[in-house]
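# Chains, contacts and geometry: an overview
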Amino acid sequence: MPTDELPDALHVTTDEQLRAVSNLTRHRIMAVLRFEPATITQIAERVGLAKGSSSYHVRLLERAGLVKVVRTRKVRGVTERYYAMAARSVVLPDPGEGGPDVLMRHAVADLEASPVGAERHVGMAHLRLTEAQFAELGARLQALAEEYRELSDPSLPDASLVFALFHPGTGAQGEEGAR
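Residues numbered from 1 in each chain as written. Predicted model: local features only at pLDDT ≥ 70, side-chain atom pairs only at ≥ 80, totals over all residues. Heavy atoms only, no water.

Take the overall build of the protein next. Looking only at helices and strands, one finds seven helices and four strands in the protein. Each helix (α) and strand (β) of the protein, taken in turn from the N terminus, gives the series β-α-α-α-α-β-β-β-α-α-α. Every one of the 179 residues in the protein was classed for burial, and the buried ones make up 21%. Put simply, the protein shows about 12700 Å² of open surface, and 53% of that area lies on carbon and sulfur atoms. (Helix = DSSP H or I, 4+ residues; strand = E, 2+ residues; numbered from the N terminus. Buried < 20%, exposed > 50% of the residue type's maximum accessible area, 1.4 Å probe, protein only. Areas by Shrake-Rupley, 256 points an atom, 1.4 Å probe, with all protein chains shown as cover.)

Written out as structure tokens, the structure reads:
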């Protein structure tokens, strides 16, 4: 199933869905399925899991409605299932003040697991913006990410883009004022 036939977004609203996406292994399985369908065997190879573990995690994702079977085929009397994402993107609920941001934790884990010596671009900028500038920058970042998502080619190596635009909490402001 081409990604343009998928819904744009799936909003995580249930505890089952949140538990499913909160697991780093399942996050990595969803990354494998982001651009093209794959079988349990293909997923296991890409993520570095045993087939049984891969099957377990995919079943949990399927039960939560995050992935689905998009085609099947018979191979030596066995039905092979191809899984794909249920939507082009998954939207997580706001973790609330002080709550863990699952997406950022997964992004840091993926960054830490990236190959040593591989090209990567990581940076951080501290800004002072009006609310209008803040909103504009957020929209521009989102549009840029979408522009490059449209250019993505499943035959090319994976690349991850993570961005976070936020107002630091009171702890950061308090530390700044204490200097």
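By volume, the second largest pocket amounts to about 190 Å³. Every residue along the wall of the second largest pocket is listed here: Thr-39, Ile-40, Thr-41, Lys-51, Val-75, Arg-76, Val-78, Thr-79, Glu-80 and Arg-81. Contributions of two or more residues to the lining of the second largest pocket are made by helix H3 (40-47) and strand S3 (78-85). Ranked by residue count, the leading element in the lining of the second largest pocket is S3, at four residues. Residues that form the lining of the second largest pocket fall into these classes: three nonpolar, three polar and four charged. (1 Å grid on protein atoms, 1.4 Å probe; cavity = no way out; pocket = protein on both sides within 12 Å on 5 of 7 lines; lining within 4 Å. Points joined across faces, edges and corners; volume = space filled by probe spheres on them. Nonpolar A, V, L, I, M, F, W, Y, C, P; charged D, E, K, R; others polar.)

By the bridge criterion, eight bridges tie strand S2 (residues 67-75) to S3 in an arrangement that is antiparallel. Within S3, the residue paired with Lys-74 across the bridge is Thr-79. Between S2 and S3, which pair antiparallel and follow one another directly, the connecting turn spans two residues, one of which, Arg-76, has a positive phi of 50 degrees. (Pairing = 2+ DSSP bridges.)

Taking 1.5 Å of rise per residue, the 12 residues of helix H5 (residues 102-113) would be expected to cover 16 Å, and the 16 Å separating its terminal C-alpha atoms lies within 8% of that figure. Regarding H5, the residues found buried are Val-102, His-106, Ala-107 and Ala-109. Buried residues in H5, looked at end-on, bunch into an arc of 165 degrees, giving them a common side. Summarising the contacts, the buried residues of H5 are in contact with helix H1 (15-22) and helix H2 (24-33). For H5, the side-chain oxygen to backbone nitrogen distance between the N-cap and Met-104 is 3.1 Å, and the N-cap itself is Asp-101. (Expected span 1.5 Å × (residues − 1). Arc of directions from axis to C-beta. Contact = heavy atoms within 4.5 Å. Polar contact = N/O pair within 3.5 Å; in protein donor to acceptor, adjacent residues only side chain to side chain.)

Right, let's get into H1. Among the residues making up H1, those that are buried are Gln-17, Ala-20 and Val-21. Buried residues in H1, looked at end-on, bunch into an arc of 90 degrees, giving them a common side. The exposed set on the far side of H1, more than 90 degrees from its buried face, consists of Asp-15 and Arg-19.

Before going further, it helps to examine the side chain of Ser-54. Among the structural elements, Ser-54 can be located in helix H4 (residues 51-63). A polar contact is formed between the side chain of Ser-54 and the backbone oxygen of Ile-40, at a distance of 3.4 Å. Among residues more than four places away in sequence, those in contact with Ser-54 are Ile-29, Ile-40, Ile-43, Ala-44 and Leu-49.

Attention shifts here to unusual backbone geometry. Its identity is not glycine, yet Arg-76 carries a phi of approximately 50 degrees, on the positive side. Secondary-structure assignment places Arg-76 in the loop between S2 and S3.

Taken as a whole and assessed by the stated rule, the structure comprises zero aromatic pairs. The side chain of Arg-71 reaches across the aromatic face of Tyr-82, ending 4.0 Å from its centre. (Phe/Tyr/Trp six-rings, centres within 6.5 Å; stacked < 30°, edge-to-face > 60°. Lys NZ or Arg CZ within 6 Å of the ring centre and 35° of its normal.)

What follows concerns the environment of Gly-123. Among the secondary structure elements, Gly-123 is positioned in the loop between H5 and helix H6 (131-151). The sequence separation of Gly-123 and Phe-163 amounts to 40 residues, and the corresponding C-alpha distance is 9.9 Å.

The next subject is the packing of H2 against H4. Look at H2 against H4: their axes get within 10 Å of each other, and the N-to-C directions meet at 80 degrees. Judged on the interaxial angle alone, H4 and H2 are roughly perpendicular. Together, Thr-25, Arg-26, Ile-29 and Met-30 of H2 and Ser-54, Tyr-56, His-57, Val-58, Leu-60 and Leu-61 of H4 make up the contact between the two elements. A per-class count over the contact of H2 with H4 returns six nonpolar, three polar and one charged. (Axes fitted to C-alpha atoms, helices over the stretch in contact; angles between N-to-C directions. Parallel < 35°, antiparallel > 145°, perpendicular 65-115°, else oblique.)

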